[in-house]
2 protein chains.
Amino acid sequence: MRISQLSHETGVAVATLKFYLREGLLHPGQQTSRTQAMYDESHAERVRLIRALSEAGGLSLARVRQVLDALDDPPTSRHHLLGAAQDALRPEDAHADPEWTAFAREFVDQRGWQIRDDEPLVDLLGEQLHAVLDAGINLADGAPLAAWADAAESIAEADLSTVPDDPAAALRQVVVGTVLTDPVLATLRRLAQQHRSATLFESE
Amino acid sequence: MRISQLSHETGVAVATLKFYLREGLLHPGQQTSRTQAMYDESHAERVRLIRALSEAGGLSLARVRQVLDALDDPPTSRHHLLGAAQDALRPEDAHADPEWTAFAREFVDQRGWQIRDDEPLVDLLGEQLHAVLDAGINLADGAPLAAWADAAESIAEADLSTVPDDPAAALRQVVVGTVLTDPVLATLRRLAQQHRSATLFESE
DNA sequence: TTTATTGGATAGTGACACTCCCCATTATTG
DNA sequence: CAATAATGGGGAGTGTCACTATCCAATAAA
């Protein structure tokens, strides 16, 4: 198909497709002459993926590029899956405060989670908990944190239980799934809050 | 304290504080003369809240303003808490597709969640699920969705179990807590995935 | 009295994700 | 075969966002 057709199929403006081509987010079509190229289903799929990651997943195009690159270079076994997946989504490490990193590390260890020593997600968790406490939210008794971690464990279990055998497909599912379903979880949380609140505070 | 002191206390540049004042995110200080005003702890707290919501919570300043306005006008009972809290965080409703809204509604109803008929979060959920399925993620057997909802319920329970009696404090905790802990949950999810993956795919 | 700081206002910055326009070349259509 | 349309390539422009810089006259502090 030609670019206008690709635009039609995906609902993305031709100018934007050209932009994606220029930026290397979309692989070039097959040239049929100096001013013409053909695109196929792989292009349409890629465009839909770009839009899903950036719109629904809220990723910047720079991050989308990272994810795409990672997906193009899948691991050889599912054992290396998470490494590859999380490389793709790795946070750019900010100014990690050692004190809070240590706090997060201790929590993770106490949970019995086997996490690499230099895992940047631990720094990130430290920063995030710092922000939460700084904003005056009480986590003192640790109960909510433990409840969240329990919930995270069951979610992770569900995430991994349906992973396909093929490493490339597995990678795609984990990466894209995680990005796109984080917002779903946030929404479910709010809905569940509403439901609980209705029964809990009915009397007031 | 004067503005430079406020800047020092919060780590936010004077120019930025002036910007927040202009934008109405920060309430004016007490004028002591035509070119001087005094700020107090309430200003420092507000500034920290703005930074927490926008940096850690990823909210735009427009959204921060909404949240702040809502916090300044707390409900009278905890029964109206969630309404007020979620008004503050209400998504701007996009182009809701009725088909997907219905799908989301059906899921919510089947769960036995009591959610208002016109709740925009249901539209949002529909859109998000649409995006997930469009991206080729398989939810067909419904298992992951059910697992997420279970997790969301326990999280919501933890969220609401520690809510203070005072409506203003309760509102603050629910709103700020939700905004700031969504990213924490996402991080915990990734860490839990890593832990699970280590044991699950060890042999490969 | 000199120097620094303040509130107030206007304008400028850099990142981001497009969007517009131009051109010389093909393709397509009548 | 001629007129019209579409294409690839590329530069420049747009609008939004969250600041940041600069200027000013008016205090405040040393």
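Because the structure is a prediction, the values reported are computed rather than measured.

Novice: I'm lost on the overall build of chain A in this one. Help?
Specialist: If you tally the helices and strands in chain A, you get nine helices and two strands. Taken from the N to the C terminus, the helices and strands of chain A come in the order α-α-β-β-α-α-α-α-α-α-α. Taken over the C-alpha trace, chain A has a radius of gyration of 21 Å; the compact-globule value for 204 residues is 17 Å, which it surpasses by more than 25%. For chain A, the C-alpha atoms occupy an extent of roughly 70 × 45 × 35 Å along the three principal directions. Out of the 204 residues in chain A, the part that is buried amounts to 50%. Looking at charge distribution, chain A has the averaged site of its 18 positive side-chain charges lying 11 Å from that of its 32 negative ones.

Novice: Is there a simple way to think about the protein's contact with DNA strand D in this case?
Specialist: By nearness alone, 22 residues border DNA strand D, and Ile3, Ser4 and Lys18 of chain A together with Phe19 and Ser60 of chain B come closest of all. Among atoms of DNA strand D positioned within 4 Å of the protein, sugar and phosphate together represent 74%. Note that a phosphate oxygen of DNA strand D is positioned 3.2 Å from one of the side-chain N or O atoms of threonine 16 of chain B. Contacts to DNA strand D include tyrosine 20 of chain B, whose side-chain N or O atom sits 3.1 Å from a phosphate oxygen. For the surface near DNA strand D, the elements supplying multiple residues, two or more each, are helix H1 (3–10), helix H2 (14–23) and strand E2 (36–38) of chain A together with helix H2 (14–23) of chain B. Tallying contributions element by element places H2 of chain B first for the surface near DNA strand D, with five residues. Looking at the surface near DNA strand D residue by residue, the class counts come to seven nonpolar, nine polar and six charged.

Novice: How should I be thinking about the relation of the copies chain A and chain B in this particular structure?
Specialist: Both copies of the chain are tied together by a single rotation about an axis and a shift running along it. Superposition record for chain A on chain B: RMSD 0.1 Å, screw rotation 180 degrees, translation along axis 0.0 Å. Taken together, the rotation and translation relating the two chain copies correspond to the operation of a two-fold axis. Residues of chain A ranked by C-alpha distance from the rotation axis are headed by alanine 151 of chain A, positioned 2.4 Å from it.

Novice: Just to check I follow, could you spell out the nonpolar core for this structure?
Specialist: Generally speaking, a soluble globular protein has its nonpolar side chains buried in company with each other. Ranked by internal contacts, the top residues of the largest apolar core, which has 122 residues, are Leu125 of chain A together with Leu125 of chain B. Counting only domains with at least three residues in this core, you end up with domain 1 (1–56) and domain 2 (57–200) of chain A. Apart from the residues within four sequence positions on either side, leucine 125 of chain B is in contact with Val184, Thr187, Leu188 and Leu191 of chain A together with Ala104, Phe107 and Val108 of chain B.

Novice: How should I be thinking about the side chain of aspartate 182 of chain A in this particular structure?
Specialist: Within the fold, aspartate 182 of chain A resides in helix H9 (residues 167–200). Judged by relative accessible area, which is 18%, aspartate 182 of chain A ranks as buried. Beyond its immediate stretch of four places on either side in the chain, aspartate 182 of chain A contacts Ala186, Arg189 and Arg190 of chain B.

Novice: Hey, could you run me through the environment of leucine 191 of chain B in this one?
Specialist: By the secondary structure assignment, leucine 191 of chain B is in helix H9 (residues 167–200). Judged by relative accessible area, which is 0%, leucine 191 of chain B ranks as buried. Between the C-alpha atoms of leucine 191 of chain B and valine 67 of chain B, which are 124 residues apart in sequence, the distance is 30 Å. Not counting residues within four places of it along the chain, the set of residues in contact with leucine 191 of chain B comprises Val108, Trp113, Ile115, Glu119, Leu121, Val122 and Leu125 of chain A.

Novice: Any chance you could explain the interface of chain A and chain B here in plain terms?
Specialist: How large an interface is tends to be reported as the accessible area lost when its parts come together. Across the contact, 67 residues belong to chain A and 68 residues belong to chain B. Between glutamate 157 of chain A and arginine 196 of chain B there is a salt bridge, with the nearest N and O atoms lying 3.2 Å from each other. For the pair chain A and chain B, the interface holds 30 residue pairs in polar contact (both at pLDDT 80 or more). Contributing elements (two or more residues each) for the side of chain A that touches chain B: helix H3 (41–56), helix H5 (81–89), helix H6 (98–110), helix H7 (120–134), helix H8 (143–161) and H9 of chain A. Looking at the side of chain A that touches chain B, the element that brings in the most residues is H9 of chain A, giving 25 residues. Taken together, the residues of the side of chain A that touches chain B break down into 39 nonpolar, 15 polar and 13 charged.

Novice: Before we go on, may I ask you to explain the packing of aromatic side chains in this structure?
Specialist: Within a pair of aromatic rings, the relevant descriptors are the distance that separates the centres and the angle that separates the planes. Tallied over the entire structure, the rule returns four aromatic pairs over all chains. When the ring of phenylalanine 19 of chain A is compared with that of tyrosine 20 of chain A, the centres are 5.9 Å apart and the planes differ by 45 degrees; the resulting orientation is tilted.

Novice: Is there a simple way to explain the protein's contact with DNA strand C in this structure?
Specialist: What surrounds DNA strand C is a group of 21 residues, the closest being Phe19 and Ser33 of chain A together with Ile3, Ser4 and Lys18 of chain B. Close to the protein, within 4 Å, the atoms of DNA strand C belong to sugar or phosphate groups at a rate of 72%. In the model, a phosphate oxygen of DNA strand C is placed 3.2 Å from a nitrogen or oxygen of the serine 33 of chain A side chain. For DNA strand C, a phosphate oxygen lies 2.6 Å from a polar atom in the side chain of serine 4 of chain B.

Cut-offs and rules
All residue numbers refer to position in the chain's written sequence, counted from 1. Chain letters start at A and ligand numbers start at 1, both assigned in the order the entries are written. Owing to the predicted nature of the model, reporting of local features is limited to residues with pLDDT of at least 70; listing and counting of side-chain atom pairs is limited to 80 or more, with chain, interface and lining totals taken over all residues. Hydrogen atoms and water are omitted, and side-chain values are computed over all heavy atoms in the structure. Strands here are runs of E lasting at least two residues and helices are runs of H or I lasting at least four, both read from the DSSP assignment and numbered beginning at the N terminus. For the radius of gyration, the atoms used are the C-alpha atoms, and the globule rule reads 2.2 Å times the number of residues raised to 0.38. Buried residues are those whose accessible area, probed at 1.4 Å on protein chains only, stays under 20% of the maximum for their type, while exposed residues exceed 50% and partly exposed ones sit between those limits. We score Asp and Glu as negative and Lys and Arg as positive, and we do not count His or the chain ends. Every charge is mapped to an atom, namely NZ of Lys, CZ of Arg, CG of Asp or CD of Glu. Note on definitions. A residue lies near a molecule or strand when any single heavy atom of the residue is within 4 Å of it. A 3.5 Å cut-off defines polar contacts: any pair of N or O atoms within that distance qualifies, except that in protein one atom must be a possible hydrogen donor and the other a possible acceptor, and neighbouring residues in sequence count only when both atoms are side-chain atoms. All residues other than Ala, Val, Leu, Ile, Met, Phe, Trp, Tyr, Cys, Pro, Asp, Glu, Lys and Arg, Gly among them, are scored as polar; the first ten of these are nonpolar and the last four charged. Least squares is the method used to superpose the copies, on C-alpha atoms of residues holding a pLDDT of at least 70 in both. Residues belong to one nonpolar core when they are buried, are Ala, Val, Leu, Ile, Met, Phe, Trp, Tyr or Cys, and are joined through side-chain atoms within 4.5 Å. Here the bounds of each domain stem from an automatic or database domain assignment. In what follows, residue pairs with any heavy atoms lying within 4.5 Å of each other are defined as contacts. One side-chain nitrogen of Lys or Arg within 4 Å of one carboxyl oxygen of Asp or Glu is enough to make a salt bridge. Stacked, edge-to-face and tilted are the three classes for Phe, Tyr and Trp ring pairs, Trp counted by its six-membered ring, which pair at centre distances within 6.5 Å; planes under 30 degrees apart are stacked, over 60 edge-to-face, the rest tilted.

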